[in-house]
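What follows is the residue order along each chain.
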Amino acid sequence: MIVRLLAVLCVAVAAGPSLAAAPPLEAYGKLPLIEDVSISPDGASLAVIATDGENRIIVSRDIATGKSTRVLVGEAKVRDLRWADSKRLLITTSTTARVMDLLAPRGEWLMLFAYDLEKMKLHKLMRDAKDAMNVVVSYPTVRTIGGERFVFVEGVKFDEGRRGRIALYKLELERGSSRLIHAGYPHTRDWLVGKDGEPLAESEWDPASGRWVVKIKRPTGWIEARGGTALQYPGTIMGLGRTTDTILISEIKDGDYATREMRLDGALGDEVLESGDTPLRDPADHRLIGYQRTVGDITDYVFYEPRDAVAWKAVKAAYPGERVSLASWSDDRRKLVVLVDSPTHGQDYALVDLGTKKASWIGQKHAGVGENGVSSVRPVSYKAADGLAMSGYLTLPKGKAAKDLPLVVLPHGGPAARDMAGFDWWSQALASRGYAVLQVNFRGSDGFGHDFMSAGFGEWGRKMQTDLSDGVRHLAGLGTIDPKRVCIVGASYGGYAALAGATLDREVYRCAVSVAGLSDLGRFIAWSKTQRGVSAQRYWNNFMGADGPSDPRLTEISPIDHLDKIKAPILLIHGRDDTVVPYSQSQIMADGLSKAGKPHEFVSLPGEDHWLSRGDTRLQMLTSVVAFLEKHNPPN
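**Some points on the nonpolar core**
Move 1: In terms of nonpolar packing, the biggest core is built from 55 residues, with Leu407, Trp460 and Met544 touching the most fellow members.
Move 2: No other element matches helix H6 (residues 493-503), which puts 7 residues into this core.
Move 3: Apart from the residues lying within four places of it in its own chain, the contact partners of leucine 407 are Leu394, Ala436, Val437, Leu438, Val472, Leu475, Ile481, Arg485, Val486, Cys487 and Asn633.
Move 4: Judged by nonpolar contacts, the second largest core, of 31 residues, contains Leu25, Val408, Trp426 and Tyr435.

Encoded structure:
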């Protein structure tokens, strides 16, 4: 039986609030105290992305001795942390920028650094790559060859015509140097490196024609092993299969995603993953050893090897009634970092040692939330107006009876994404202020099969919108919420849904908050094609039921074209460094609301991106939202 012990890793955890009062909004709105934890290949050390609410700090700690090393990275946005070997860390950060003399949109560019724990030196990688950018386009791959670990990255190399293509590089960490392995092809999407450190497979997709192909490296050269035509969802490489001489290919089959193994001669094998499954990989050789699957509201792991299955069962047994997810594990898979999601006190990281059958706490993810700051979350299911089954989650404010509650509808972004059960900082923050919070996996959401996603095609602003208000009517019918006290709040697509709630479905909501939402769909599609290419335009056309940015059907569902219908006050919030939904989408809406004389507020977040990656502006967003809700839809 694994025993739970308390240990705090090199970072001070704020004392929890008293049970008499809800935590301050800072407990939810600031960056998590711990953003991620990774264990070294030998299981001897931990690396943590910690924050003080705004600045990020990389902390490495020797588990046995407690000796620690800190690297202050300040306001840098750390996107990934992993071990190159037991003495060096790989740190991937991103920055919002437009590259001079490059015909590319302003975007979020990834940069890779190596930190030597013994020498306490930080090196920026890819800085010496010839005819290439000093950025990476994906997270690094680590391979062990002859007992030594090597790092491989995908970068952008320019050919003689100055056209960029995704190339494969091998990095020498001691000197911080890079070596080109393969220059890639005009339409290369990604690479797969084999166990020997050589390129094993490569995928290509031409968005204009839809032609995609997967190539495999043979002793005689590259062969086309798999291909087809897909204007939206091309086949892709998912990594190594259950053995290191097979690869995983994911493509649409019979109307849904299917992931099958493929031998190096191109022969297709078994289907090993279903739509929505997340592969689990051996940390040492990266072969497929299982998968994560969500069925209903339960997410769990399936392992192919009995030893792993027995071990995971023991881990779950140590945390009864809580959701446990795997964050990292050692190469021998005997030491694990897990994230424990408790329905009563939030999320905590823990270290589990299967050899000693003990576990120790690493630290709270969200400091200061405490037991009084976690409201209960229950699954919700109902039928939409046309009979399609809907599911989602209802967060109920702590200490209040589930009757005639004020409601906030909180639609997710994407729209091809989904909400999950468990702790969600935004919905928990709103519930702590006295609101019930409804999160709906409306049609078009991901994770429920391709049929459910495709049910959203052409339903942007239509049935995707009424799926939300059907949920409001369902809760009102149960007596859980007061239908006269409902507001809608969302970000990205959810921000659009909030504006659509105020313009297209306006009888349901008494106020609306759009964070980085879309207001002018025609202008957005045109911008998206310019910035991301024809494939992006096809994607949005598909969901919006349009044929390009000038399609008159877009005016039917664009909030900017229905200003005269608005009755509810609107709050607009947008980050100036947003490269996914341009800041101008909120500026256009604010200008239109001003000219139409409609009540509104506009909060601009300087230096903030689409994902609210900075602590002070994320808190500014949350504080502004709560103040607006309390003004226009008081919880008491």
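What follows picks up the thread again.
**A few points about the confidence of the model for the chain**
Move 1: Summary statistics for the chain give a mean pLDDT of 91 and a share of 95% for residues scoring 70 or more.
Move 2: Counting interchain partners and residues more than four positions distant, the pLDDT-below-50 stretch residues 1-19 has 52 contacts.

**Topic: the sheet that holds strand S9 (residues 121-124)**
Move 1: Sheet architecture is open: 4 strands sit in the order S6-S7-S8-S9, paired in antiparallel fashion. Looking at the sheet topology across the chains shown, the edges are occupied by strand S6 (77-85) and S9. Taking the axes of each pair of neighbouring strands and ignoring which way they run, one obtains an average angle of 30 degrees across the sheet.
Move 2: Relative to strand S8 (residues 107-116), strand S7 (residues 88-97) runs antiparallel, the two sharing 10 bridges. From the neighbouring strand, alanine 97 faces S8, where its bridge partner is glycine 107.

**Section: the environment of leucine 72**
Move 1: Turning to its location among the elements, leucine 72 is positioned in strand S5 (residues 68-74).
Move 2: Look at leucine 72 and you get exposed, because its relative accessible area is 63%.
Move 3: In this structure, the C-alpha to C-alpha distance between leucine 72 and methionine 464, residues 392 residues apart in sequence, is 44 Å.

**Digging into the sheet that holds strand S16 (residues 211-218)**
Move 1: Read from one edge to the other, the open sheet built from 4 strands follows the order S14-S15-S16-S17, with strand pairing classed as antiparallel. Two strands close off the open sheet at either side, each with one partner strand: strand S14 (188-193) and strand S17 (221-229). Between one strand axis and the next, the sheet turns by 15 degrees as a mean value, whatever way the strands run.
Move 2: Judged from the 5 bridges that link them, strand S15 (residues 199-205) and S16 form a sheet pairing that is antiparallel. Counted as the bridge partner of glutamate 202 is lysine 215 from S16.

**Side note on the pattern of salt bridges**
Close approach of charged atoms allows side chains of opposite charge to pair.
Move 1: On inspection of all chains with the given rule, the structure shows 41 salt bridges.
Move 2: A salt bridge links arginine 226 to glutamate 251, with the nearest nitrogen and oxygen atoms 2.9 Å apart. With arginine 226 in strand S17 and glutamate 251 in strand S19 (residues 246-253), this residue pair connects regions lying 25 residues apart in the sequence.
Move 3: Since its relative accessible area comes to 26%, arginine 226 is described here as partly exposed.
Move 4: Judged by its relative accessible area of 10%, glutamate 251 is buried.
Move 5: The shortest N-O distance in the salt bridge between aspartate 386 and arginine 443 comes to 2.8 Å. A residue pair is termed long-range when its members are at least 10 positions apart, and aspartate 386 in the loop between strand S29 (376-383) and strand S30 (389-396) and arginine 443 in the loop between strand S32 (436-441) and helix H4 (450-454) qualify at 57 residues.
Move 6: Linked by salt bridges that have partners in common, Asp282, Asp285, Arg287, Glu305, Asp308 and Arg333 make up one network.

What counts and what doesn't
Residues numbered from 1 in each chain as written. Predicted model: local features only at pLDDT ≥ 70, side-chain atom pairs only at ≥ 80, totals over all residues. Heavy atoms only, no water. Core = buried A, V, L, I, M, F, W, Y, C linked by side-chain atoms within 4.5 Å. Buried < 20%, exposed > 50% of the residue type's maximum accessible area, 1.4 Å probe, protein only. Helix = DSSP H or I, 4+ residues; strand = E, 2+ residues; numbered from the N terminus. Contact = heavy atoms within 4.5 Å. pLDDT = per-residue confidence, 0-100. Pairing = 2+ DSSP bridges. Axes fitted to C-alpha atoms, helices over the stretch in contact; angles between N-to-C directions. Salt bridge = Lys/Arg side-chain N within 4 Å of Asp/Glu carboxyl O.

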